[in-house]
Amino acid sequence: MRNRTALTSLPIILVTLTTSPSAQGDDPADVAPGYDIPLIDLAGQSDRQVVVDREQGQYLGHPTTVLLEDGQTMIIVYPKGHGRGPIVMKRSEDGGRSWSDRLPVPENWATSQETPTIHRVIDSEGTKRLILFSGLYPIRMAVSEDDGQNWTPLEPIGDFGGIVAMSSVERLNDGSYMALFHDDGRFLRGDGERKSFQVFKTLSTDGGLTWSEPEVIAEHPTAHLCEPGLIRSPDGSQIAVLLRENSRTMNSFLILSDDEGATWSEPRELPGALTGDRHVGKYAPDGRLFISFRDTTRESPTQGDWVGWVGTYDDLVEGRQGQYRVRLMKNYRAADCAYPGVEILPDGTFVTTTYGHWSEGEAPYIVSVRFSLDELDAMND
């Protein structure tokens, strides 16, 4: 049975770090704690909103989505709880306009300890897989080779752990895959001792079935860098990774690689307009970027809400503020929202999906917001 409900209320290897001219831009980034670009507010436009899942008194959180090759079928996964909790899966066959009931999943998905993430990978023989990760120690993974109809149980990918595994997965030029995650020392080897924040990569050469030992790609003497969000340059030659700053004393950070992740620039602060948690971005048909995140900008009228940023890749790497920001929905409890899925449909519609406290006094639930950049541009005129 399908449903559509409109929302009615508001050994660790250290990777060499390098600094290349293209990583720095012509001018230093504006690291002011706020921003002065326009803000578009979609929070009151309930016609754009579709409730994916809601359960009275049950915390539903931290979703990620994947769009299949037909441009319409989407799969979403999320925990019944704050990160930790049984994994729920749903499916949409109409580009996120309606969603299935909760689908059967392997029994041990109920043991998930951290935010699940779902990704599409393809091996050298052309076999397509969906892979689902669940973090902490050890990181575990499940696999589907029939577009999510059947899944394996969660199994460890190695003797290492991490937080929000894997927040980004990207195919490299040689056909291998790079997955990114972070840890603060407690879960990497399961010893529970909090140390410094580090961002890691791990590689797969067999279409996501096995993964290498993790390697450090970013760390900072004072900033707490985490939740890497990866975006390729339009020409594919460079990889940019946006990083949450968890000490809440600085803006978000950026690192860049010009050699498919072999080496990385030193982390540098982003403008206030891009400061937030769990960045996820996709390109619009005209080449501009939309990036969704939780607003943790230190000076912002939408602090703690689900927001997005519109600009160009050059804005990102040159440290510019971008074109405008968007409030997607207002969150009614602290900053507990917005681990988003972002998909772009063939007609240019963005389908952004996340959890949050969308109704005062109620448990968080999962909602999609739909829009195109043409629509946002018209509101910005």
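Residues numbered from 1 in each chain as written. Predicted model: local features only at pLDDT ≥ 70, side-chain atom pairs only at ≥ 80, totals over all residues. Heavy atoms only, no water.

K.L.:
Sorry, what's going on with the overall build of the chain here?
P.N.:
Counting its regular elements, the chain contains three helices and 26 strands. Across its three principal directions, the C-alpha atoms of the chain cover 50 × 50 × 40 Å. Here the chain, with 381 residues, has 60% of them falling under the buried criterion. Surface summary for the chain: the accessible area is close to 14,400 Å², and the carbon and sulfur share equals 48%. Of note, the chain has its 35 positive side-chain charges centred 6 Å away from the centre of its 57 negative side-chain charges. (Helix = DSSP H or I, 4+ residues; strand = E, 2+ residues; numbered from the N terminus. Buried < 20%, exposed > 50% of the residue type's maximum accessible area, 1.4 Å probe, protein only. Areas by Shrake-Rupley, 256 points an atom, 1.4 Å probe, with all protein chains shown as cover. Lys, Arg positive; Asp, Glu negative; His and termini not counted. Charge placed at Lys NZ, Arg CZ, Asp CG, Glu CD.)

K.L.:
Hey, could you run me through unusual backbone geometry in this one?
P.N.:
When glycine is set aside, most residues are seen to have a negative phi, and most peptide bonds are trans. Residue Pro138 follows Tyr137 across a cis peptide bond; omega there is -10°. Within the secondary structure, Pro138 is located in the loop between strand S9 (128–134) and strand S10 (140–144). The omega torsion across Ala165 and Met166 is -15°, close enough to zero to call that bond cis. Following the sequence through the fold, Met166 ends up in strand S12 (residues 163–171). In this model, Glu227 sits at a positive phi of 50°, which is unusual for a non-glycine residue. With a phi angle near 45°, Ala334 is a residue other than glycine that sits in the positive phi range. With respect to the element layout, Ala334 can be found in the loop between strand S23 (324–329) and strand S24 (341–344). Judged by relative accessible area, Ala334 falls into the exposed class, the value being 69%.

K.L.:
I tried to follow the sheet that holds S10 on my own but got confused; where do I start?
P.N.:
The strands that make up a sheet pair up through hydrogen bonds in the backbone, lying either parallel or antiparallel. Pairing is antiparallel across the open sheet formed by four strands, whose spatial order is S8-S9-S10-S11. The outermost strands of the open sheet, each flanked by one partner alone, are strand S8 (117–122) and strand S11 (155–156). Direction of pairing for S10 relative to S11: antiparallel, over a ladder of two bridges. Counted as the bridge partner of Arg140 is Pro156 from S11. (Pairing = 2+ DSSP bridges.)

K.L.:
I keep staring at the pattern of salt bridges and nothing clicks. Help me out?
P.N.:
For side chains bearing opposite charge, pairing can occur when the charged atoms are close. In this structure the tally under the stated criterion is 29 salt bridges. Residue Glu343 is joined to Lys282 by a salt bridge in which the shortest nitrogen-to-oxygen separation is 3.1 Å. On the criterion of sequence distance, the pair formed by Glu343 in strand S24 and Lys282 in strand S20 (residues 276–283) is long-range, its members being 61 residues apart. On the basis of relative accessibility, which here comes to 28%, the residue Lys282 falls in the partly exposed class. Each of the salt bridges in this network shares a partner with another, and the network as a whole consists of Asp53, Glu55, Lys80, Lys90 and Arg102. (Salt bridge = Lys/Arg side-chain N within 4 Å of Asp/Glu carboxyl O.)

K.L.:
Can you walk me through the side chain of Thr115 in this structure?
P.N.:
Considering the arrangement of structural elements, one finds Thr115 in the loop between strand S7 (87–92) and S8. Side-chain polar atoms of Thr115 contact the side chain of Glu114, separated by 3.3 Å. With residues up to four places along the chain from it excluded, the contact list for Thr115 reads His62, Gly83, Phe133, Ala165 and Tyr339. (Polar contact = N/O pair within 3.5 Å; in protein donor to acceptor, adjacent residues only side chain to side chain. Contact = heavy atoms within 4.5 Å.)

K.L.:
It is not clear to me how the nonpolar core should be interpreted in this structure. Could you clarify?
P.N.:
General note: in soluble globular proteins, nonpolar side chains tend to be found buried as a group. If you look at the biggest cluster of nonpolar residues, it comprises 23 residues, and the most contacted ones within it are Leu42, Trp306, Leu328, Phe371 and Leu376. Elements with a minimum of two residues in this core: strand S22 (306–311), S23, strand S26 (365–371) and helix H3 (373–380). (Core = buried A, V, L, I, M, F, W, Y, C linked by side-chain atoms within 4.5 Å.)

K.L.:
I tried to follow the confidence of the model for the chain on my own but got confused; where do I start?
P.N.:
Any residue range with low pLDDT should be treated as having predicted coordinates unsuitable for detailed reading. Averaged over all residues, the pLDDT of the chain equals 93, while 92% of them reach at least 70. With pLDDT under 50 throughout, residues 1–29 is counted as low confidence; its partners more than four residues away or in other chains account for 88 contacts. (pLDDT = per-residue confidence, 0-100.)

K.L.:
Sorry, what's going on with the pairing of strand S18 (residues 253–257) here?
P.N.:
Regular strands place their side chains on alternate faces of the sheet. Most of S18 sits inside the fold, with five of its five residues counted as buried. Judged by which residues are buried, S18 turns out to be covered on both faces: Phe253, Ile255 and Ser257 on one side and Leu254 and Leu256 on the other are all buried. In terms of strand pairing, S18 meets strand S19 (residues 268–269) through two bridges, oriented antiparallel. Bridge pairing links Phe253 to Glu269 in S19.

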